[in-house]
Amino acid sequence: MDYKMAAKRRAVCAFWIIHIALCVLFVAPDVLHTAQGPVWRVLRPYGVYTGAASRYGFFAPNVPSARRVRVRVLCGEKWIPVQAPLRGAESELRLTTITSLLMYKEVEESVAASWAAYAFGKLDCGEAALVEVDYYEVPPIQEYRRGARPQWNLLRVFAFAPPGVIKPGEVSKP
Amino acid sequence: MRPIANVRRVASNLWAEPDIARAAAALSVFRIALGLVVLWQAVMTARDLQLLVGEFGLMQRPINQALAPPSLPTVAWFHKLWDLGLLSERHVIYILLALYMISLVYVIAGWRTKIFAGVALFLHLLFKASGFASIYGAHELATNGLFFCMLLPVSTRYTLVRNAPAVDAFFVRVGRSVLRAYLSIVYVSSGIEKISGPAWRDGSAMWNFLMRPEVTIINFGWLNHVPWLVLIMGWFVLTVEIGYFFCLFSQRARVAWFFGTLLLHLGISLTFHLWAFSFIMMALNCGALGGFPMQWRRRPAVQALPDPSLTVAKSS
């Protein structure tokens, strides 16, 4: 084996060892790396472009309850439901991801506002929009045996109005 | 010296490939399968793409941009084109999608794989960042998969190229080891996070999973009569995930884990309809653990020496 080939092999091995080590570091608990650290600021773009920065806690440590969004727009005296005209299972799956963002306090209002904006775009007559978030409650296995069944429950309601009518904000919380 | 020899033997098992030609073929199967799944995913979302990544889609651009890492490319990079009235945003999105699909076709065909995998990865990241609010696990795995296609020897077999590059056993071994190490990180980190809480250990997470509204194949309510089955299923998931790394030390255990992961992902796709996610995981597993020999060579038996007494009897 010539010298060039040996050097190439060594370089390839070294690259992959570093890459895998980075993958491990990125999945490690946050305690081990701070997002604001200067080293991580350099490493992060590499991780983002190569996928090394991904984390894989699929349905861990628990399976969260499913969320559902219902959007209604007030036109005159009528509440008209607005649905996302998505076609295909894969698009529906991505819609589920959007809906699951409503679990996070930091973004829930922005996500609901975006739904409302989309609904106002669909219906010019809209004077107000309600974004209702439901969650799917699954009873524990013992309670299921006693007759309890899974059901959708209302979690939150967000009300919005087009600019100039009233300021957007949360109105109720059951 | 014995412990060191044992460590060496165990470590060499990690690197061992019983059949290098099959290993190279498995890496090529990974390339084709990954390309097909990512292409299928792109086709399936093509009609709704503007709703998912457009400026005034379901999630408006500022939300997607706030959630996505700032360094990633987005459709907004091309905003000058519609600001100047040269093209509409819709045109730009679909031109980029067409380029993405073409590059994936070349990846599948194995023609200039490294270049086209690079182009596909860039466009994949662009669509991922543009619709960041709606991406899920399959997108993360596809990012990694396309990156591997860019750098690993994944087009030594099943290509449309007449003179496919010769199989270099060293780089095939490296490729397989990288995929195995990556999948170990995926499974083990997920498994550790699962086992850290009580929900997967006592089966309640499995119950919650099977009772979610997305699971429409059958009503799994009957499992309440056999709670031990829920517990077993939960522990099956934990064993497959956490045991993934350890299976790599034995060639036979790798085969068992290959089928174990296939079963796990088939289950996820059938119940939860996470088809793209499951098939990308299967493709990665094909590349990492597939290509095993169908028949195991038996250990050479110690040759029986002729009975000296018989020889003596004959000669006498």
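Relevant structure appears above.
A brief structural summary. (Residues numbered from 1 in each chain as written. Chains lettered and ligands numbered in written order. Predicted model: local features only at pLDDT ≥ 70, side-chain atom pairs only at ≥ 80, totals over all residues.)

### Thoughts on the overall build of chain B
In step 1: When you go through chain B residue by residue, the secondary structure sums to 16 helices and zero strands.
In step 2: In terms of overall dimensions, chain B is more spread out than a globule: its C-alpha atoms have a radius of gyration of 25 Å, far above the 20 Å expected for 316 residues.
In step 3: Dimensions of chain B along its principal axes, counting C-alpha atoms only, are 110 × 60 × 40 Å.
In step 4: Evaluated residue by residue, chain B yields a buried proportion of 43% over its 316 residues.
In step 5: Once local pairs closer than 6 in sequence are excluded, the contacts in chain B between residues at least 24 apart make up 74%. (Helix = DSSP H or I, 4+ residues; strand = E, 2+ residues; numbered from the N terminus. Rg over C-alpha atoms; globule rule 2.2 N^0.38 Å. Buried ≥ 20, exposed ≤ 12 C-beta atoms within 10 Å, placed from the backbone. Contact = placed C-beta atoms within 7 Å.)

### Examining the interface of chain B and chain A
In step 1: Contact with chain B, which involves 54 residues of that partner, is made by 50 residues of chain A.
In step 2: Elements with a contribution of two residues or more to the side of chain B that touches chain A: α2 (20-46), α3 (49-53), α8 (137-151), α9 (169-195), α11 (204-210) and α12 (227-242) of chain B.
In step 3: No other element matches α9(B), which puts 11 residues into the side of chain B that touches chain A.
In step 4: Each residue belonging to the side of chain B that touches chain A can be placed in one class, and the counts come to 30 nonpolar, 17 polar and seven charged. (Nonpolar A, V, L, I, M, F, W, Y, C, P; charged D, E, K, R; others polar.)

### Overview of the nonpolar core
In step 1: B:Ile280 and B:Ala283 are the most contacted members of the largest nonpolar core, which has 100 residues in total.
In step 2: If one sorts the elements of this core by residue count, helix α15 (residues 275-289) of chain B sits on top with 12 residues.
In step 3: Contacts of B:Ala283, omitting those with residues within four sequence positions, involve B:Phe30, B:Ala33, B:Leu34, B:Val37 and B:Gly145.
In step 4: Membership of the second largest hydrophobic core comes to 17 residues, among which are A:Ala60, A:Ile141, B:Met206 and B:Leu264. (Core = buried A, V, L, I, M, F, W, Y, C linked by C-beta atoms within 7 Å.)

### Points about unusual backbone geometry
All names here are of chain A.
In step 1: A cis amide bond links Ala60 to the next residue, Pro61, at an omega of -5°.
In step 2: Inspection of the secondary structure puts Pro61 in the loop between α2 (38-50) and β1 (67-75).
In step 3: Although it is not a glycine, Phe59 sits at a positive phi angle of roughly 50°.
In step 4: Turning to its location among the elements, Phe59 is positioned in the loop between α2 and β1.

### Quick notes on the pairing of β1(A)
Residue and element names in this part refer to chain A.
In step 1: Relative to strand β3 (residues 128-137), β1 runs antiparallel, the two sharing eight bridges. Each bridged residue has a counterpart across the sheet, and for Val71 the counterpart in β3 is Val131.
In step 2: One ladder, built from five bridges, connects β1 with strand β2 (residues 78-82); its direction is antiparallel. The residue bridging Val73 from the neighbouring strand is Ile80, located in β2.
In step 3: In this antiparallel pair of consecutive strands, β1 and β2, the connection spans two residues, and Gly76 shows a positive phi of 65°. (Pairing = 2+ DSSP bridges.)

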